Every structure is written in structure tokens, then in C-alpha cells.
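# Inside the fold
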Amino acid sequence: MLQHFDPNKDYGTPAALSEKMVTLEIDGVEVTVPEGTSVMRAAAMYDINIPKLCATDNLEAFGSCRICAVQIEGRRGTPASCTTPVDAGMKVTTQNDKLAKLRRNIMELYISDHPLDCLTCPANGDCELQDMAGAVGLREVRYGFEGNNRLHAEKDQSNPYFTFDASKCIVCSRCVRACSEVQGTFALTIDGRGFDSKVAAGQNEQFLDSECVSCGACVQACPTATLMENSVIDMGTPEHSVTTTCAYCGVGCSFKAEMKGDQLVRMVPAKEGDANHGHSCVKGRFAFGYATHKDRIKAPMIRDSIDQPWKEVSWEEAIGFAAKRLKDIQAQYGRESIGGITSSRCTNEETYLVQKLIRAAFGNNNTDTCARVCHSPTGYGLKQTLGESAGTQTFDSVMHSDCILVIGANPTDAHPVFGSLMRRRLREGASLIVTDPREIDLLSTPHLGDATHLPLRPGTNVAMVNALAHVVVTEGFEDKEFIASRCDTKAYAKWREFIIDERHAPEAVEAITGVKAEKVREAARKFATAKNASIYYGLGVTEHSQGSTTVMGIANLALATGNIGREGVGVNPLRGQNNVQGSCDMGSFPHELPGYQHVADSVARARFEKAWGVELDDEPGLRIPNMFDAALAGEFRAMYVQGEDIAQSDPNTQHVEAALSALDCLIVQDIFLNETAKYAHVLLPGSTFLEKNGTFTNAERRINRVRKVMAPVAGKEDWEVTVALANALGYPMSYSHPSEIMDEIASLTPSFANVSYQRLEEHGSLQWPCNDAFPMGSPIMHTESFPIGDEGKAKFAVTEFVPTTERANSRFPLLLTTGRILSQYNVGAQTRRTDNQAWHDEDILELHPHDAEERGIKTGDWLGITSRAGHTVLRARVAERMQPGVVYTTFHHPGSGANVITTNNSDWATNCPEYKVTAVQVEKVSQPSQWQKNFQDNHERQYEFLRGSASTEAEAIK
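Computed from a prediction, not measured in an experiment: that's the story for all the values here. Residue indices follow the written sequence of each chain, beginning from 1 at its first position. Selection of residues for local features in this predicted model requires a pLDDT of at least 70, selection of side-chain atom pairs for listing and counting requires 80 or more, and totals for whole chains, interfaces and linings are taken over all residues. For the side-chain quantities, the full set of heavy atoms in the structure was used; hydrogens and water were omitted.

### Focus: the overall build of the protein
For the record, the criterion: Helix and strand assignments follow DSSP, with helices taken as H or I runs no shorter than four residues and strands as E runs no shorter than two, numbered in order from the N terminus. We compute the radius of gyration from the C-alpha atoms alone; for a globule the expected value is 2.2 Å times N to the 0.38, where N is the number of residues. Residues count as neighbours in contact if any of their non-hydrogen atoms are within 4.5 Å of one another. All accessibility values rest on the Shrake-Rupley procedure with a 1.4 Å probe; residue burial counts only the protein chains present in the view. For the charge count, each Lys or Arg is scored as positive and each Asp or Glu as negative, with His and the chain ends excluded. Think of each charge as sitting on NZ of Lys, CZ of Arg, CG of Asp or CD of Glu.
Counting secondary structure elements, the protein contains 29 helices and 35 strands. The C-alpha atoms of the protein give 29 Å as radius of gyration, which agrees with the globular expectation for 958 residues (30 Å, within 12%). Considered along the principal axes of its C-alpha atoms, the protein spans approximately 90 × 80 × 65 Å. Within the protein, contacts between residues separated by at least 24 positions form 71% of all contacts whose residues are at least 6 apart in sequence. Element-wise, carbon and sulfur atoms account for 48% of the exposed surface of the protein, whose accessible area totals about 35100 Å². Separation of charge centres in the protein, based on 94 positive and 122 negative side chains, amounts to 2 Å.

Here's what the structure looks like:
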């Protein structure tokens, strides 16, 4: 019998990682498995299936149900196969009369305290208890229901996504163990003893009121209908599934979209997903209802002015209207008068086509993307130092880290599945250093060991990173061998002379960062002396006026300590949206063609010109801020925006709104009437990730397939819309499937050379660079050399600290920084149209008790927040995790106006906005700001215009 692996099968216990093999005999079959494998898994690997209830292969063996008992020659009793490791020469019996009787008796006890309502139970046909009762041959139950039982236990329906029915609970502890082992929240416990044992959330609270983060791990682990998705209760058991990739954050989780006909019943994280290994978060697992929300734009619409109602038209008329407008504008104002913005939420193939449309059909390089608004300093900083503009590791690499340095990132909120993995490593003993103005949730990890928080002031990242590096060098912690063999020694010598200067000492920068010098030295020593030290950073690094400088400083720190090029180390940017990495890879920036090939590179440009059949501009085009300024100056007149909401996400909202209002033609392609679409003249329906084929590239450079689950509500996938617009403009595009677009990408982009849909189907996913040099992809980068210079050696960069011009003063004494929250996603267009609103239905301003007391503020008060750019009003939350002088908010709700108060300051190298440092004053108020009043008026007017289009169409049909 041949051993094989089926990703859809539950093998009962986790795989053993030992390379030493052990041979034994199970039911007369000789099996060979890795040392440390359980008897249960060894049997399952050879299709010998032992009954089980408490065991599942994503949890450590527990051995409580006893259904999996076996007999082993030479041993007494009937040990549990899930907790018994294999031994060489062991002879196991899994089936005989004695074992059958034992299992029936155990199962009879379970069933005696379980409702016999299988025909009406939502888990009917998908219940492990039901399956195991059949497997052990249970036909009757001798015990009645007269004694104590749980049959009348109340249901907990507080969570909007699942129901906890305690009457069906068999207290197997799988949900409790999933919460602790997989998610790391420890929100569930077994309360009571003996027959009184029960699963409890928090301190015997309802699920919604407990620490539960609704990741769904408990629901997935439950073998009965105790924890069941409400969608399954309402719609019934799904009948088929399609594997696809989540369209929320940059983790890129694989899911099985489980369907009933053309209706999506539930999203179940795929065990074979290389990024998530069967885990999920509340967004990917449950927040998919936006795809069928009533607000979806289902037909193309046009209008001549943003003060007019929409007119619903055919695809042909809308595309023709848009193309004519663009042609007329270019004829009157010149080739450079139009441009476009690609999306980090759309697929690689769609993003590639939009930038191709702009360069080949528009005839200019006026293409940009929201990825520049969040992570462009990553591209610039890593390119200058390591030679490649992406993270160096896999997510799984963190499981080999001995010290984890997190800078300006909040993984448990913004990248929750990876945050859970990181927490697992911290529970195993890795030390933690967090550099962040706030005390993030990672510092509250249950069973956390050695942890250091460096609560620096916003805007001082460069000074902090330089101080850490100063300690490394002056205290002799450099990895001299690594530096000599892998780094440019001239660049290192120049940097070393710079960094040992006493002005970078922790004592010298203490007044700048606000962090005690000894704490900084302690963190530096911890990082430098760890066997494997890794760095993870987020938007709290890049969204600064010195974002690029900090990224280079982070690379310097990793190089100086030799923490590059193997598992457990590396420089790891945590990308915000699902395809931020991909939108950068696909050439969305005005100065770079796909694959980060500069438009001025004549050799690269010639390849694209030959493939595309046009002459390309060799000068970089306009970035988004330049487009806004040019629009207000009357020089930039039209814009095509696919899947992006710049009116909400970009800084200085009033400036953005003025620029959009000045355009002669704004074409927006999206799934909802978002804030940008309120200024549009053409509204083209977009398609969700469930309605399209393509690929996303996650934060670890992993290219994952996106597969169509249902038909697009408006009849077209996003790439088809771009093709239609290109053809209408007179530039021919002809593709029958996104796989053909990927083939074109691979032919023109060296790092994607060996990527194809066929290979993705074969291997599940691939991590670029994937080419002849790395035919199977590159999970760990820079293992032997760096793609920089002639010698392939990394370059240290001098990172001078230049304070931001955005300073606190007597008028604006507080510093505002912004971020995200677990339940909402980016601008909230998707998650606000789901039950995730139960957790976060408005943006809140957090402030320290000291600042609140000075101003007489209490939690729940309305606060006016004023900056040099604008004024808005938010509700207050007094929070100890803040530091005095710093306030914090999210930007998920458009009416909050969080970006009304952020300024035009930006990174010196890339124009990435400085969202993280805004000087503000706060005071108690009693009414919304004038901007918020205007916003509400315009919101109601634009939705009335939208409803008017539907009414007009309905009348026409009559």
C-alpha cells in the first residue's frame, strides 16, 4: 500500500517533522513514517482509519474521547492511538471485537447526553459524532434522558456569525484547544468538573462580550453542531467547493468557498494553504456578505456632471462614452492630460492591464497606485540596500526566530493569521521587541515570555533604529564574517563611521524618542545576541517623511547582525492589502514597468515596445499627489480609477475632493458607490474576488490563484472591462482568459519568468523570483548573494535622522497617529457592509488619561480634532495603552474624516504620505464639523442620484 497525502483528509494529529523513519505494523500492514508520528496518523497515512472525536490534525493530541483506543502487542490495556507515538517493530491492532465493544460503549455514553434530532440538525450529514456512531456500529442507546443532562441548555446567539448550542456539546475540548493552540487568544475554557464540565467563553460571558476574536477556529474544530455557522443553519449544508484566495489583507489565506448551487454558504480556510495552513480571521472567514450586498453596482452608469443623476446604460454605451471623453480631452489638452490608478485589491492580471492601458493606449506614464501611498518606501529602501524591493522570508520562517523585532506594525489586528503564528512562536520562547507609540496587543500575548516595549514618539523611527545599530557596533555585536563576505565593505566602512558617532547613542537620542537609553541598549543586545533575529515592520515605518530612511536603517540592522539569508531571520514588510505586493510587481508606479524595470532603461523598454506594439514614453509620469496638483492647475483633466478609493484613503481629504471636482472626466470602476465614485462621470461595475479568475501576490511574495466562485453580477470581470476600454480607445487588446495575461507577464518580467497557471495548479503557489535560476521559486531570498551591483553584495546606507516638519506646539500640542482594527478593512467599503459592524461601527479617538484629564474628557465624549489641514469630530476613548501627548484613530468610516486632518507631508524619496504624524489639538464639542455636515449632505445627494438611475431604468422597462 502506497502512502499518499490528501489535503482534504483529517489525519488526526499533526505531522511529525523528523527525518528519521520508523517502520511498524498496523493491522498486518507494514508502514514507514517519520519518528514521532502518532499511531493514529501513521494508520491514516495508509488509509487505515481509526475512529476519533477529540482528535484533529491541526491540534496537538489530547486523548480525552477514548474512541481511538487500539491494542499494541506486548502492552497492557488499550492506549489512545492519538497520544501514542510509533515505535520501530510495533504491532498495532485497530479492529477486533474487544475494541469494537469498547468504542460502542463509549459512544453510547456520548449519545445518551446528546439530542437525537439528526434530521433537523444543521450538521446532519456533516457531523463527526454522527459519522463515528455509524463507524463503531452503535444501533441502540440503553440509557434514557431522565437524569441530569444538557439537553435544555440555552443557545448563545450573540455572535453575528455563529451559534453556540451547548445542548449538543460533547466537551471534547477541540474548540478550547483551537482557541489556544491555533489562534492564541485563550478566550475559551472548560468550566467545572466531571459531568458539570462545559465550554465557557471568557468569564462565563456571551461570545460577543468575551475576548473571542471570531476567527472561526473553534467553529472549524467542533465535531458536532455545537458551534455552527449561522449561514449553514439558514441555508443548509454546502454541496461543492472552489479553492480561492482571500481578498482582505496581505497574508493571502487560501479558502474553500463552499457553495450550494450558485450561493456561497461559508468560507472554510484550506489546510493546504501555504500562507495560512487552515487558519483564518473574522474577515476572511465570515465577512463575505458584501459580495451580494444590495449596494452593489450592477450596471454601468454615466452622467455629464457630478451634480446630475446617473443614467443607467449598456456596457457598450458606457465604454464608448468614457473613450470619447478621454480622446476629446487629450485632443484639447495634450497626451499628458489624463492618467489612471491601479488597485491593490484587484488581481495581478487586472493591475497589469490597467498600467498597460495607460502606457500603451493613453500614451504616457501617468500611472500610480495606493501601494505607493502605503509601502513605496519599502520598495525604495530595500532596493537601495538589498537589491530587491520585497520581504525576504516566508511567514513560516518566524517559527525559527529566537528574537522578533516588530516596528510600526500591529500583526494581530492588521495581519491576524500571521499574528497568531507569531504568537505561537512567542509562547514557545522567542523574545519580543516592539517599537511602537502604543502598547499593541502582541504585548498582551498569553504566556508571553521575554518582551520589551520601546514606546517611541511618532516621527522618531530613524533615530531609534540608528540607536539600536549604534549599540550593535560600539558593543562589538557585528557579524564580522557576514559583513566581510556578503556586504560591500566600502559602503559598510562609511556607514560604520557614521553610526558610531555619539549623537546616535541611546543616551543622546533619548530626548528625541522619549525612550530610556538603558531600555534601548537592552533591546539591541537582545536582538544582536539571538541566534536568529527577525524584523517585521508595517505602515508605522513607511508612512513617514523619513519612511525610506527607516527601511534602509532596518536593512542596515539586519545586515550588521548577519540576520539575512536563512530561516528565522530577515527583513519582512507586512503588506496591508491583499495585493499590495502584486500591484507594485505589476508596474503600477509612474517610473517603473512591470518587474521594477525603469522606464528609462532602453533595453527593458524595447522588450515591452515589441510585445505591446507601441512606442513607450521614457520619462516617468505623475504620481497621485502630482495628479491632484495638476488637476487644480487645470493641466490634468481625466482619470481612470480601478478598485481604489482615493477620496477616503488619501491624506488631506479636502484637497483631494477639490482635485476630483476639477476633473472633466473621472471614470471609476468599483463594486460600490465609494467616496471617489461620488465625483465620477462614468461608473463601471467592478467584480469581487469571488467573481473572477486571476492571482494575488501576498507579503511573502507568494503568488496564489484566485478562482471564480460565482458569475459577476454585472456580467464582466474587471480585466474584461479594461480590455473593452482599450479597444474603444483604438489600442487592441485580446485575451480569452487571465492565464494568457499571466503568460504575457511572465514573458516580460524576469522574476515571474517561470510562473504560469499550470505550474500554480501543480504546486499550489510559487514565490518570486521564479525563473531559470530559481525554478521552484524563492521562499528565502538572498541565501548566497544580493541582486545588487556587479559583485552581488549588500550595501549599507547612511541614514541621517531629519525631524519631520510636522511638529507639536502650543496650538497643536498632541501628535495624531492612525492605524487599523481587526474587524474592519482599509476604507471599510467591504467590511462595513457585513456584520463586522457589530465590533466597530465608528472610528474612535484614543487618548491617554493624562491628556483626557487635562481637557476634562471622558470616554464617549465628542471631540473636535483640529490640525493644520482641517477639522473633524470623533468620539473619545480614554486608553492606558496610549502614551501622553499621542492620540490615535482608525480610518475605516468615511464620515469620520480621519484624513481631513492628515497633511500633505510625505516621504522624501517616494511621496508616501506621512499619515503617522499629525500635530492636533482636541477639545470637547457638541456637534459634527462643517466638513462632516457637508459630507453627509453630499452623501445623501449622491445616493439620491444613484436611486434616480434605478427609478429611471424601471420606468423605461415599464
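### A short note on the pattern of salt bridges
Worth spelling out the cut-off: Within this document, salt bridges are pairs made up of a side-chain nitrogen of Lys or Arg and a carboxyl oxygen of Asp or Glu, the two lying within 4 Å of each other. Note on exposure labels: buried denotes an accessible area under 20% of the residue type's maximum, exposed denotes more than 50%, and partly exposed covers the range between, all computed with a 1.4 Å probe on protein chains only.
Counted according to the given criterion, the structure contains 55 salt bridges. Salt-bridge contacts for K271 lead to D57; the nearest nitrogen and oxygen are separated by 2.8 Å. With K271 in the loop between β12 (263–269) and α7 (282–286) and D57 in the loop between α1 (39–45) and β3 (71–72), this pair connects stretches of sequence that are 214 residues apart. Residue class for K271 comes out partly exposed when judged on its relative accessible area of 30%. The exposure class of D57 is buried, given its relative accessible area of 14%.

### Describing empty space enclosed by the protein
What counts, and what does not: Only protein atoms enter the 1 Å grid used here, on which a cavity is any set of points holding a 1.4 Å probe that cannot leave and a pocket is any open set flanked by protein within 12 Å on both sides along at least five of seven lines; residues with an atom within 4 Å of a point are listed as lining. Grid points are joined across faces, edges and corners, and a volume is the space filled by probe spheres set on the points. For this scheme, ten residues count as nonpolar: Ala, Val, Leu, Ile, Met, Phe, Trp, Tyr, Cys and Pro. Four count as charged, namely Asp, Glu, Lys and Arg, and the remainder, Gly too, count as polar.
On inspection of all chains with the given rule, the structure shows nine cavities of 30 Å³ or more. Within this model, the largest cavity holds a volume of roughly 380 Å³. Lining the largest cavity are 29 residues, and of these G408, A409, G540, T818 and K916 sit closest to its centre. When residues in the lining of the largest cavity are grouped by element, the largest group, three residues, is from strand β30 (residues 814–819). Along the lines of polarity and charge, the residues of the lining of the largest cavity split into 10 nonpolar, 13 polar and six charged. Here the second largest cavity defines a volume of roughly 230 Å³. R345, I671, S687, T688 and Q830 are the residues nearest the centre of the second largest cavity, which is lined by 21 residues in total.

### Side note on the confidence of the model for the protein
Low pLDDT marks stretches whose predicted atomic positions should not be read closely. So the rule is basically this: For every residue, the predictor states its confidence as a pLDDT score lying anywhere from 0 to 100.
Mean pLDDT for the protein: 94, with 98% of residues reaching 70 or above. Across residues 951–958 the pLDDT falls below 50, and counting only partners more than four positions away or on other chains, this stretch makes one contact in the model.

### Some remarks on the packing of aromatic side chains
Stated precisely, the cut-off is as follows: Ring pairs are drawn from Phe, Tyr and Trp, using the six-membered ring of Trp, whenever the two centres fall within 6.5 Å, and their geometry is named by plane angle: stacked under 30 degrees, edge-to-face over 60, tilted for the rest. Comment: the charge-over-ring label is applied if NZ (Lys) or CZ (Arg) is within 6 Å of the ring centre and within 35 degrees of the ring normal.
Within the structure shown, the criterion is met by 17 aromatic pairs. Members of the aromatic cluster, connected to one another through ring pairs, are Y161, F162, F164, F207, F286 and W839. When the ring centre of Y888 is taken as origin, the NZ or CZ atom of R438, which lies over that ring, is 3.6 Å away. Between R833 and the ring centre of F672, over which it is positioned, the NZ or CZ distance is 3.9 Å.

### Here's the deal with the pairing of strand β7 (residues 188–191)
Operational definition: When DSSP finds at least two bridges between two strands, those strands are taken to pair.
As paired strands, β7 and strand β8 (residues 198–201) are joined by four bridges and run antiparallel to one another. Within the sheet, the bridge partner assigned to T189 lies in β8 and is A200. Following β7, the chain reverses through six residues before pairing antiparallel with β8; G192 in that reversal takes a positive phi of roughly 85 degrees.

### Focus on unusual backbone geometry
Between W768 and the following residue, P769, the backbone shows a cis peptide bond with an omega angle of 0 degrees. Here P769 shows up in the loop between β29 (765–767) and β30. Positioned with a positive phi, N652 is a non-glycine residue whose angle comes to about 55 degrees. Tracing the sequence through the fold places N652 in the loop between α23 (646–649) and α24 (653–662). Accessibility expressed as a relative area gives 11% for N652, which makes it buried. A positive phi angle, close to 50 degrees, is found at N826, a residue other than glycine.

### What about the packing of helix α9 (residues 348–362) against helix α25 (residues 718–728)?
In a packed pair of helices, the relevant descriptors are the angle between the two axes and the axis-to-axis distance. This is how it is decided: Whenever a helix is involved, its axis is fitted only over the stretch in contact; in every case the axis is a line through C-alpha atoms, and angles between N-to-C directions fall within 0 to 180 degrees. The cut-offs work like this: below 35 degrees is roughly parallel, past 145 is roughly antiparallel, 65 to 115 is roughly perpendicular, and the gaps in between are oblique. Should the near helix be turned anticlockwise from the far one by less than a right angle, the crossing is left-handed, and should it be turned clockwise, the crossing is right-handed.
Two elements in contact, α9 and α25, have axes separated by 9 Å at closest approach and are oriented at 15 degrees. Judged by the angle between their axes, α9 and α25 are roughly parallel. Two packed elements cross with a definite hand, and for α9 against α25 that hand is left-handed. Contacts from E350, L353, V354 and L357 of α9 reach α25 at D718, W719, T722, V723, L725 and A726. Grouping the constituent residues of the contact of α9 with α25 by class yields seven nonpolar, one polar and two charged.

### A few points about the nonpolar core
Heads up, the condition is: To qualify as a nonpolar core, a set must consist of buried Ala, Val, Leu, Ile, Met, Phe, Trp, Tyr and Cys residues joined through side-chain atoms within 4.5 Å.
Counting residues in hydrophobic clusters, the biggest one holds 70 residues, and the most contacted among them are L227, I404, F418 and M422. It is helix α12 (residues 416–427) that provides the largest number of residues to this core, a total of five residues. Not counting residues up to four positions away in its chain, the partners in contact with L227 are F162, T163, F164, C175, F207, C218, V219 and C222. If you look at the next biggest cluster of nonpolar residues, it comprises 62 residues, including V313, A322, L353 and L729.

### As for the layout of surface pockets
Approximately 1300 Å³ is the volume attributed to the largest pocket. P14, A15, D57, H277 and R424 are, among the 30 residues lining the largest pocket, the residues nearest its centre. Counting residues per element, the ones that place at least two in the lining of the largest pocket are α4 (174–183) and α12. A total of six residues in the lining of the largest pocket trace back to one element, the largest contributor, which is α12. Here the residues of the lining of the largest pocket are counted per class, giving 13 nonpolar, six polar and 11 charged. By volume, the second largest pocket amounts to about 1100 Å³. Taken together, 48 residues form the lining of the second largest pocket, with N8, D10, D126, E128 and Q220 sitting closest to its centre. Counting only elements with at least two residues in the lining of the second largest pocket, the list comes to α1, α3 (128–135), α5 (217–221), β9 (227–229), β10 (240–245), β11 (254–260) and β12.

### Considerations on the sheet that holds strand β5 (residues 155–156)
Each strand in a sheet pairs with another by means of backbone hydrogen bonds, the pair being arranged parallel or else antiparallel. Reading across the sheet, the three strands line up as β5-β6-β9 and stay open at both edges, with antiparallel pairing between neighbours. Either end of the sheet is taken by a strand with one partner, and the two such strands are β5 and β9. Bridging between β5 and strand β6 (residues 162–165) involves two bridges; their strand directions are antiparallel. Counterpart to D156 in the pairing with β6 is F164.

### A closer look at the environment of S431
Among the structural elements, S431 can be located in strand β18 (residues 431–435). Residue S431 is classed as buried on the basis of its relative accessible area of 8%. Counting along the chain gives 33 residues from S431 to V398, while the straight-line C-alpha distance between them is 12 Å. Apart from residues no more than four positions distant in its own chain, S431 is found in contact with D402, C403, I404, L426, D450 and K526.

### Side note on a nonpolar patch on the surface
Under the convention used in this document: Like-charged residues are merged into a patch within 9 Å and nonpolar side chains (Val, Leu, Ile, Met, Phe, Trp, Tyr) within 5 Å, provided each residue has over 30% relative accessible area and no salt bridge.
A surface patch of nonpolar side chains, amounting to about 260 Å² of accessible area, comprises L109, V141 and Y143. Note that V141 resides in the loop between α3 and β5.

### Section: the side chain of E349
You can see E349 is positioned in helix α9. Buried charged residue E349 carries no salt bridge. Nearest counter-charge: R705, at 6.5 Å. Contact partners of E349, with chain neighbours within four places excluded, come to G694, T695, P738, I741, M742, I745 and Y757.

### A short note on α4
Of all 10 residues in α4, nine are buried, a share of seventy percent or more. Among all positions in α4, only R174, C175, V176, R177, A178, C179, S180, V182 and Q183 are buried. Next to the buried residues of α4 lie α3, β7, β8, α5, β9 and α12. A positive backbone phi angle near 80 degrees is found at G184, which sits one or two residues after α4.

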